[in-house]
Amino acid sequence: MGESELISPRSTRVGAARRLARRNFRGKERLFLAEGPQAVREAAGHRGGAEATLVEVFATVEAAGRYADIVGAARDAGARVHLADESVIADISTTVTPQGLVGVCRFLDAPFAEILAAGPKLIAVLANVRDPGNAGTVLRCADAAGADAVVFTDASVDLYNPKAVRASVGSHFHLPVAVGVPVEQAVGGLRDAGVRVLAADGVGSVDLDEELDRGTMGGPTAWLFGNEAWGLPEETRALTDAVVRVPIHGRAESLNLATAAAVCLYASARAQRTPRSRAVSRPPGRRSDTP
């Protein structure tokens, strides 16, 4: 394709990309959309095993000029680059105001067993999180806090939902993510691997400040975050080593999911980086004595 040639709106490539806004087509093709320059840049630099993650890019002429470095990186990664007019980008994109770049990427989730085998020290587990914006933001928070992985349980939103991908602002491409793991399997596998599992819940019997003061948060830790509306059910909380609430020192009724996740993940990251931290030591598979 010549640099000046625009892809036709009736092209089969445009139709295939448009269908990736729907979950069933994403699952069938094992492809998803990454919209905007930041996401496309991160996708261009990511590889899943032997294959490049970025398959193709649709760009307006203006965006191709403005983000020439990203388009060049996409080509270097082996992606096909299609120039398109704004109507084509708007047709493919799921945003109200597209930024002129849309990438098509291969699925990049990792097997849960591989995450456990890597000996993770900090993990976020999303249990029944349904809002894609929240899920993507928690993934971004986990990435920023230096977490080793994120787990989406089988009852949670699709990792590749376009809103989740946008909300992660490129963090999809930064750390391993397992999907479709039953919550019992996730908690059991982590605890068997020697990871202390903490449920973040407003009804927790101990608050985060107390955990930090005790010096119990320096060891490998997984945080379990529940549904935005009803949190974690009792049977799920019972699986974990402790149910921890974020203390509310002011008059706010509560914190939203993503904010609470950021507080918890950063508390663990701080504890794990503090030399004086006294990690909880327990044989794999045994529940700690912390309430």
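Residues numbered from 1 in each chain as written. Predicted model: local features only at pLDDT ≥ 70, side-chain atom pairs only at ≥ 80, totals over all residues. Heavy atoms only, no water.

## Section: the nonpolar core
Part 1 of the argument: Counting 61 residues, the largest nonpolar core has Leu54, Leu101, Val150, Trp223, Phe225 and Leu265 as the members making the most contacts within it.
Part 2 of the argument: The leading source of residues in this core is helix α13 (residues 257-272), at 9 residues.
Part 3 of the argument: Val150 has contacts with Ile115, Ala124, Leu126, Leu139, Ala142, Leu175, Pro176, Val177 and Ala178, leaving out every residue within four places of it along the chain. (Core = buried A, V, L, I, M, F, W, Y, C linked by side-chain atoms within 4.5 Å. Buried < 20%, exposed > 50% of the residue type's maximum accessible area, 1.4 Å probe, protein only. Helix = DSSP H or I, 4+ residues; strand = E, 2+ residues; numbered from the N terminus. Contact = heavy atoms within 4.5 Å.)

## Let's talk about unusual backbone geometry
Part 1 of the argument: Within the chain, Asn128 stands out as a residue other than glycine whose phi angle is a positive 65°.
Part 2 of the argument: One can find Asn128 in the loop between β7 (122-126) and α8 (132-144).
Part 3 of the argument: Its identity as a non-glycine residue notwithstanding, Val169 has a phi of 50°, on the positive side.
Part 4 of the argument: Its location among the elements puts Val169 in the loop between α9 (162-168) and β9 (177-181).

## Some remarks on the pairing of strand β5 (residues 80-84)
Part 1 of the argument: Extensive coverage of β5 is indicated by the burial of 4 of its 5 residues.
Part 2 of the argument: As judged from the 5 bridges shared by strand β4 (residues 54-60) and β5, these two strands associate in the parallel manner. Residue pairing across strands places Ala59 opposite Leu83, the latter belonging to β5. (Pairing = 2+ DSSP bridges.)

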